[in-house]
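Topology and contacts: notes
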Amino acid sequence: MRSKPSDEAEREVSAPLRRLWRLPTGSHRGRPAGLDVDRVIGTALELADRDGLAGATLPKVAEALGVTKMSLYRYVGSKDELFDLMSDLAIGPPPEISERAGWRTGVRQWILANRQVYERHPWLAHLPISGPPRGPHAIGWMDAMLRALRGTGLDWRAKVGVLNLIGGYVRTASAQEQQLAQGRQEIGLDQAQSEQDYGRALAELVEPGRYPEAAKLFASDVFRSPLHQGTDGSFRFGVELILNGIDTLITATRTG
């Protein structure tokens, strides 16, 4: 049974961290009836899903709730804290990891579940990164990855490196997919048409004498018939490449 933390230990937990973990932060006197951190952040989430990050500012959240901006500071100390709270609520609980199926299956499950989070909340890929995971949901996702890697023989440093690599890949790929899709939408082309136009245009411009290998690439049929059909195929190609790299690291660790 865990002992109750001392007053000194409680003081070491900052107010933003206490709000992130939904711990008491002090007096509730003077707070608007029916308003709490969950309602504030839930409203911010709805606005971001509808209008993007630009629609989830503190003034707009206050307007949606029918309160003053100053009254929100009892629940959210700053814009950065608002983003932290929104991020942890948006990612939600971690996926169920099948450890019996092996680390590769478990990590792949984690990756695909994480990608779905960015599909549900596209604005997440564009949030500023203010530091390592801190919230209960974020720590839950961390724990799920560590459970998938349990038994691989990797040390903690390597496991954290894998977590950072994979998390960064999913986030970057999600942001890139959104930006490319937006660009195609603006010019009225689908992905296949866009890649074909790109290949034809560059084939005319790239000179073999100056760019020998690139010229061979654009002279091939890669952009006429893309190797990885669609963004999903390209994403999964990257996933398998990363998993193969992790497999090599695990083998080296076990034989080293």
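To keep things clear, this report deals only with the structure shown in the data block. Note that the structure is predicted; figures quoted are calculated from it, not measured.

What about the side chain of Lys159?
Looking at where Lys159 falls in the secondary structure, it is placed in helix 9 (residues 156-187). Although Lys159 lies buried, it forms no salt bridge, and the closest oppositely charged side chain, Asp155, sits 8.1 Å away as judged by the N-O distance. For Lys159, the residues in contact, after removing those within four places along its chain, are Leu146, Leu149, Arg150, Thr152 and Leu154.

What to know about the nonpolar core
Among the nonpolar cores identified, the biggest contains 56 residues, and Val40, Met86, Val107, Trp110, Trp123 and Ile166 are the most heavily contacted of them. For Trp123, the contacting residues outside a window of four places in its chain are Leu45, Ala48, Asp49, Leu53, Met86 and Ala90.

Let's talk about the pattern of salt bridges
Counting across every chain of the model gives 14 salt bridges. When the shortest N-O distance is used, the salt bridge between Glu119 and Arg115 registers 3.9 Å. Here the residue Glu119 and the residue Arg115 both occupy positions in helix 7 (residues 103-120), the gap between them amounting to 4 residues, near one helical turn. Here the salt bridges share partners, and the residues they tie into one network are Arg115, Glu119, Glu177, Asp232 and Arg236.

Considering the packing of helix 6 (residues 79-91) against helix 8 (residues 136-148)
Packing of helix 6 against helix 8 leaves a shortest axis separation of 7 Å and a crossing angle of 50°. As summarised for this structure, helix 6 and helix 8 are arranged oblique, according to the angle between their axes. Residues Asp88, Leu89 and Ile91 of helix 6 form the contact with helix 8, whose own contacting residues are Pro136, His137, Ala138 and Trp141. Among the residues making up the contact of helix 6 with helix 8, the classes are represented as 5 nonpolar, 1 polar and 1 charged.

Here's the deal with the environment of Ala44
Along the chain, Ala44 falls in helix 3 (residues 37-51). Leaving out residues up to four positions away in the same chain, Ala44 has contacts with Ala56, Val61, Leu82 and Met86.

Scoring rules and cut-offs
- Residues numbered from 1 in each chain as written.
- Predicted model: local features only at pLDDT ≥ 70, side-chain atom pairs only at ≥ 80, totals over all residues.
- Heavy atoms only, no water.
- Helix = DSSP H or I, 4+ residues; strand = E, 2+ residues; numbered from the N terminus.
- Buried < 20%, exposed > 50% of the residue type's maximum accessible area, 1.4 Å probe, protein only.
- Lys, Arg positive; Asp, Glu negative; His and termini not counted.
- Salt bridge = Lys/Arg side-chain N within 4 Å of Asp/Glu carboxyl O.
- Contact = heavy atoms within 4.5 Å.
- Core = buried A, V, L, I, M, F, W, Y, C linked by side-chain atoms within 4.5 Å.
- Axes fitted to C-alpha atoms, helices over the stretch in contact; angles between N-to-C directions.
- Parallel < 35°, antiparallel > 145°, perpendicular 65-115°, else oblique.
- Nonpolar A, V, L, I, M, F, W, Y, C, P; charged D, E, K, R; others polar.

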